[in-house]
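Observations on the three-dimensional arrangement
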Amino acid sequence: MLGQRQGIIVWLYSLKQAKMLRKFGNVHFVSKRLKYVVLYCDLEDVETIMKKIENYSFVKKVEPSFKPFLKTEYENSKPDKAKEYDYRMGI
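The notes below deal with the structure included here. As the structure is a prediction and not an experimental result, all values here were calculated from the model.

A few words on the overall build of the protein. In terms of regular secondary structure, the protein is built from two helices and four strands. Going residue by residue from the N terminus, the α and β elements of the protein occur as β-β-β-α-β-α. Here the protein, with 91 residues, has 26% of them falling under the buried criterion. Partitioning the intrachain contacts of the protein with sequence separation of at least 6 by distance along the chain shows that 64% fall at a separation of at least 24. Accessible surface, the protein as shown: approximately 7700 Å² in total, 53% of it carbon and sulfur.

Further remarks concern helix H1 (residues 46-54). Taken as a whole, H1 has its buried residues at Val 46, Ile 49, Met 50 and Ile 53. In an axial view of H1, the angular spread of the buried residues amounts to 100 degrees, which keeps them on one side of the axis. Those residues of H1 that are exposed and angled more than 90 degrees off the buried face are Glu 47, Lys 51 and Lys 52. Where H1 is buried, its residues contact strand E1 (5-12), strand E3 (36-42) and strand E4 (59-64).

Moving on: the side chain of Gln 6. Tracing the backbone through its elements, the reader meets Gln 6 in strand E1. Within the local environment of Gln 6, its side chain forms a polar contact with the backbone oxygen of Ser 65, the two atoms lying 2.6 Å apart. Dropping the residues within four chain positions of it, Gln 6 is found in contact with Leu 39, Tyr 40, Cys 41, Leu 43, Val 46, Pro 64, Ser 65, Pro 68 and Phe 69.

Our next topic: the environment of Leu 39. Topologically, Leu 39 is positioned in strand E3. Put simply, Leu 39 and Gly 25 are 14 residues apart on the chain and 6.2 Å apart in space, counted from C-alpha to C-alpha.

Parameters and conventions
Residues numbered from 1 in each chain as written. Predicted model: local features only at pLDDT ≥ 70, side-chain atom pairs only at ≥ 80, totals over all residues. Heavy atoms only, no water. Helix = DSSP H or I, 4+ residues; strand = E, 2+ residues; numbered from the N terminus. Buried < 20%, exposed > 50% of the residue type's maximum accessible area, 1.4 Å probe, protein only. Contact = heavy atoms within 4.5 Å. Areas by Shrake-Rupley, 256 points an atom, 1.4 Å probe, with all protein chains shown as cover. Arc of directions from axis to C-beta. Polar contact = N/O pair within 3.5 Å; in protein donor to acceptor, adjacent residues only side chain to side chain.

Limitation: the analysis is restricted to geometry and does not speak to function.
See below:
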């Protein structure tokens, strides 16, 4: 089973070397138009992998994804009164 994972966004000058990033983790998405790669790796290894990737000449910028650290439980989220009325009416 997979442990905690975090995404890394790697901005590239050219997509020719995008395949080389597979050795660092799972390549989830490659954007041809904006020239970036979304790469998933273990949470413990993120800092070391980012430093290794930054040393390549074809890499423009490396950013971590903050998704594992965001709060997904919202407080004080009350439904709109108009929508609540529509739901009761069956519209």
